Amino acid sequence: MTKEGTKKSAGPHGHRPLIRVLRDRNAGLFLAGVVVSGFGTSALWLAAGVWVKDLTGSDGLAALSMLAMWAPTLLGPVLGTLADRVRRRPLLIATGLLPACLLPTLFAVDSPDALWLLFAVLLVYGAAGVVQDAAESALVTAAVDPGLLGDFNGLRTTAGEGVKLVAPPAGAGLYAAYGGPGVALLDAATFVVATGVYAALRVRETPPRRPAATWWRHTAEGARHLWGHPRLRPLVLAGGVTMLCAGVNGATTYAVVDALGHSPAYAGALYAVQGAGSVAVGVLAGPAVRRLGGRRFAAAGLALFAVAVTVRAAPYDAVVLASGAAIGAGLPAVLIAALTAVQRETPDALLGGVTATAGSLVLAPNVLGLAVGAALVDLADLRLLLPVVGAVLLGTATALRSP
């Protein structure tokens with residue numbers, strides 16, 4: 001597409017790019033894969049925490065189950081370069097089949113002594129996800145017009161986060177009926193289906209060039225590109241702060257549920273309303289990025305996230321549910337803006353590694369946030385902890401808006 005064509009598609013008829021994305025076969029398959037695998041992941045995300053909570057009674061250990069899934073993002077710069085060294089569609093398929101084979105082993109987790117197996121599987125699950133995300137993001141650029149990437153990434157967020165409307169309650173119900181192993185088996189099945197969807201993609205991949213540099217040098221080259229780029233660095237740094245705060249906020253979920261006087265399974269309702277908020281922002285992301293620019297769109301989302309986290313400390317169901325919806329609307333903005341900028345501003349030969357490096361810089365702080373939150377949730381009053389997190393987010397939004 002020419003630059004003129006790109007400008008036309010991004011003009012006053014903001015709905016046209018969205019319709020073009022929805023009509024594209026490959027884009028539709030990508031989104032279907034996100035929905036199917038995301039359903040299983042969202043269900044397992046909730047079930048793992050409830051499973052650990054039921055076996056141990058500890059809010060901190062329940063939060064650590066989420067930490068295990070996020071921890072592999074620390075190795076993202078190294079894992080992601082795999083997407084620059086092999087063909088990306090077969091890599092997507094392989095990284096879908098791996099967790100599908102591992103998840104059924106969780107039938108053996110029936111006591112606190114067997115929790116090590118759950119945490120081990122979650123670690124491998126997270127590592128496969130890092131590689132899969134890098135391969136998918138790089139492959140998308142060969143299948144979707146550059147002028148439509150903002151719209152596609154917004155729809156991807158809608159698809160991925162929107163499953164929270166149904167997956168967590170479904171996972172909670174399945175957990176109540178069949179326990180954690182039933183949810184694990186469901187997740188394995190969704191990976192098998194998603195693998196079939198990715199196998200149906202029609203994308204002409206350029207065979208990867210034989211790397212001139214070693215694995216570590218290739219990783220360093222991608223990191224230098226990311227850090228030295230004036231449009232990428234501010235968005236990625238803001239994303240890192242956002243996810244640090246999101247980790248602390250996420251670790252308080254079961255404490256918030258306790259403060260409301262509900263059972264741990266009520267966390268499913270909180271995840272569901274957060275998904276509803278993300279559905280809205282995902283649909284609006286493409287037009288918003290074109291109208292506001294990536295930085296201002298991200299800053300607006302951060303400001304909304306800051307307010308929502310602050311009021312989440314109020315012990316009222318209506319307030320907490322409303323704040324969950326606002327968190328779902330505000331949190332993805334900086335992630336969408338950063339990913340779209342990386343896809344547009346990075347050479348294809350580096351895209352897998354740079355995407356994963358950006359993912360690590362954005363998502364790895366979530367690991368720290370979960371760890372800090374898990375340590376503080378049993379010690380600090382929510383009425384103090386959550387407003388402090390909100391203040392940090394608001395400061396980040398203000399800095400991102402500054403030139």
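Residues numbered from 1 in each chain as written. Predicted model: local features only at pLDDT ≥ 70, side-chain atom pairs only at ≥ 80, totals over all residues. Heavy atoms only, no water.

## What to know about the overall build of the chain
Then step 1. Along its length, the chain carries 20 helices and zero strands.
Then step 2. Against the 2.2 N^0.38 benchmark of 22 Å for 403 residues, the chain shows a C-alpha radius of gyration of 20 Å, consistent with a compact globule.
Then step 3. With the C-alpha coordinates of the chain rotated into their principal frame, the extents come out at 60 × 45 × 40 Å.
Then step 4. When each of the 403 residues of the chain is scored for burial, the buried share is 54%.
Then step 5. Pairs at least 24 residues apart make up 86% of the contacts formed inside the chain by residues separated by at least 6 positions.
Then step 6. Separation between the mean location of the 30 positive side-chain charges and that of the 21 negative ones in the chain comes to 14 Å. (Helix = DSSP H or I, 4+ residues; strand = E, 2+ residues; numbered from the N terminus. Rg over C-alpha atoms; globule rule 2.2 N^0.38 Å. Buried < 20%, exposed > 50% of the residue type's maximum accessible area, 1.4 Å probe, protein only. Contact = heavy atoms within 4.5 Å. Lys, Arg positive; Asp, Glu negative; His and termini not counted. Charge placed at Lys NZ, Arg CZ, Asp CG, Glu CD.)

## Remarks on the pattern of salt bridges
Then step 1. For the structure on display, the rule yields two salt bridges.
Then step 2. Note that Arg 156 is salt-bridged to Glu 136, the shortest N-O span being 2.4 Å. With Arg 156 in helix H9 (residues 149–162) and Glu 136 in helix H8 (residues 115–143), the pair connects residues that are 20 residues apart, well separated along the chain.
Then step 3. Exposure remark for Glu 136: the relative accessible area of 5% places this residue in the buried category.
Then step 4. Among the charged side chains, a network of salt bridges with common partners joins Asp 133, Glu 136 and Arg 156. (Salt bridge = Lys/Arg side-chain N within 4 Å of Asp/Glu carboxyl O.)

## A word on a nonpolar patch on the surface
Then step 1. Where nonpolar side chains cluster on the molecular surface, the patch consists of Val 307, Val 311, Tyr 316 and Val 319 and spans about 340 Å² of accessible area.
Then step 2. Checked against the element boundaries, Val 311 lands in helix H16 (residues 294–311). (Patch = residues over 30% accessible without salt bridge, like charges linked within 9 Å, V, L, I, M, F, W, Y side chains within 5 Å. Areas by Shrake-Rupley, 256 points an atom, 1.4 Å probe, with all protein chains shown as cover.)

## Overview of helix H17 (residues 317–330)
Then step 1. With 14 residues, H17 ought to run about 20 Å at 1.5 Å a step, and its terminal C-alpha atoms sit 20 Å apart, in line with that.
Then step 2. Every buried residue belonging to H17 is among Val 320, Ser 323, Gly 324, Ala 326, Ile 327, Gly 328 and Gly 330, and all of these are buried. (Expected span 1.5 Å × (residues − 1).)

## A short note on the confidence of the model for the chain
Interpreting fine coordinate detail is not advised for predicted regions of low pLDDT.
Then step 1. Here the chain shows a mean pLDDT of 81. Residues at 70 or above account for 91%.
Then step 2. The least confident element of the chain is helix H1 (residues 3–9), whose mean pLDDT is 37; the most confident is H16, at 91.
Then step 3. Overall, residues 1–14 carries pLDDT values under 50, and its contacts beyond four positions in sequence, including any with other chains, amount to 11 contacts. (pLDDT = per-residue confidence, 0-100.)

## A word on the packing of aromatic side chains
Then step 1. Under the counting rule described, the total for this entry stands at three aromatic pairs.
Then step 2. Centroid distance Phe 30 to Phe 152: 6.2 Å. Interplanar angle 80°. Geometry classified as edge-to-face. Of this pair, Phe 30 sits in helix H3 (residues 25–56) while Phe 152 sits in helix H9, and the two are 122 residues apart along the sequence.
Then step 3. The class of Phe 30 is buried, set by a relative accessible area of 0%.
Then step 4. For the ring pair Tyr 125 and Phe 191, a centre distance of 5.5 Å and an interplane angle of 85° mean the geometry is edge-to-face. Of this pair, Tyr 125 sits in helix H8 while Phe 191 is found in helix H11 (residues 180–199), placing the two residues 66 residues apart along the sequence.
Then step 5. By relative accessible area, Tyr 125 is classed as buried at 7%. (Phe/Tyr/Trp six-rings, centres within 6.5 Å; stacked < 30°, edge-to-face > 60°.)

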